[in-house]
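# Architecture at a glance
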Amino acid sequence: MLTVKSMDVRDNFKDFCDKVFNGEILIVSRPKNENVVIISESKFNEMQRLKNNEDYLAMLDKSFADAESGKVVFKTIEDLEAYE
C-alpha cells in the first residue's frame, strides 16, 4: 500500500497507474483529510462480487428467518396457474 500526495500523482500518473494495475493500492492524501484510494479494476470487481454475495446471503438469512417464523405465503401450482 502506497500513500502519496495528490501533487505526486499528478506528476507521475502513469507510473502510479502501472503500480496499481500490478496489485498495489494507492492512497492519495488530500487537504482536510479528504483522501481517496485508487485500486485496479480487477480489485474493484472482486470487492463488488464480495459485497453482492454478502447482500445475497443477508437476504437468504432473512428469508429463512421469515420462513421459520411463519411469515410466508404458500401457493400451489393451481394457485399460480390461476394468475395467468
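Note that this is a predicted model, so its numbers are computed, not measured.

Turning our attention to the nonpolar core. Residues Val4, Val9, Phe16, Val20, Leu26 and Val28 constitute the largest nonpolar core, which totals six residues. Only α2 (13-21) and β2 (26-29) provide two or more residues apiece to this core. Once residues lying within four places of it in the same chain are set aside, the contact partners of Val4 are Val9, Phe16, Leu26, Ile27, Val28 and Ser29.

Another aspect to go through is the side chain of Asp66. If you trace the backbone, Asp66 turns up in helix α3 (residues 41-68). Beyond its immediate chain neighbours, meaning those up to four positions away, Asp66 contacts Lys71 and Val72.

Let's shift gears to the pairing of β2. Two elements, strand β1 (residues 2-5) and β2, share four bridges in a ladder whose sense is parallel. Counted as the bridge partner of Leu2 is Leu26 from β2. As paired elements, β2 and strand β3 (residues 36-38) share three bridges and run antiparallel to each other. From the neighbouring strand, Val28 faces β3, where its bridge partner is Val36.

On to the sheet that holds β1. In space, the three strands of this open sheet follow the order β1-β2-β3, with mixed pairing throughout. Each edge of the open sheet carries a strand with a single partner, namely β1 and β3. Averaged over all adjacent pairs, the angle separating strand axes in this sheet is 30 degrees, with direction ignored. In the packing of α2 onto the sheet, the strands contacted are β1, β2 and β3, and the crossing angle to β1 comes to about 160 degrees.

Definitions and cut-offs
- Residues numbered from 1 in each chain as written.
- Predicted model: local features only at pLDDT ≥ 70, side-chain atom pairs only at ≥ 80, totals over all residues.
- Heavy atoms only, no water.
- Core = buried A, V, L, I, M, F, W, Y, C linked by side-chain atoms within 4.5 Å.
- Buried < 20%, exposed > 50% of the residue type's maximum accessible area, 1.4 Å probe, protein only.
- Helix = DSSP H or I, 4+ residues; strand = E, 2+ residues; numbered from the N terminus.
- Contact = heavy atoms within 4.5 Å.
- Pairing = 2+ DSSP bridges.
- Axes fitted to C-alpha atoms, helices over the stretch in contact; angles between N-to-C directions.

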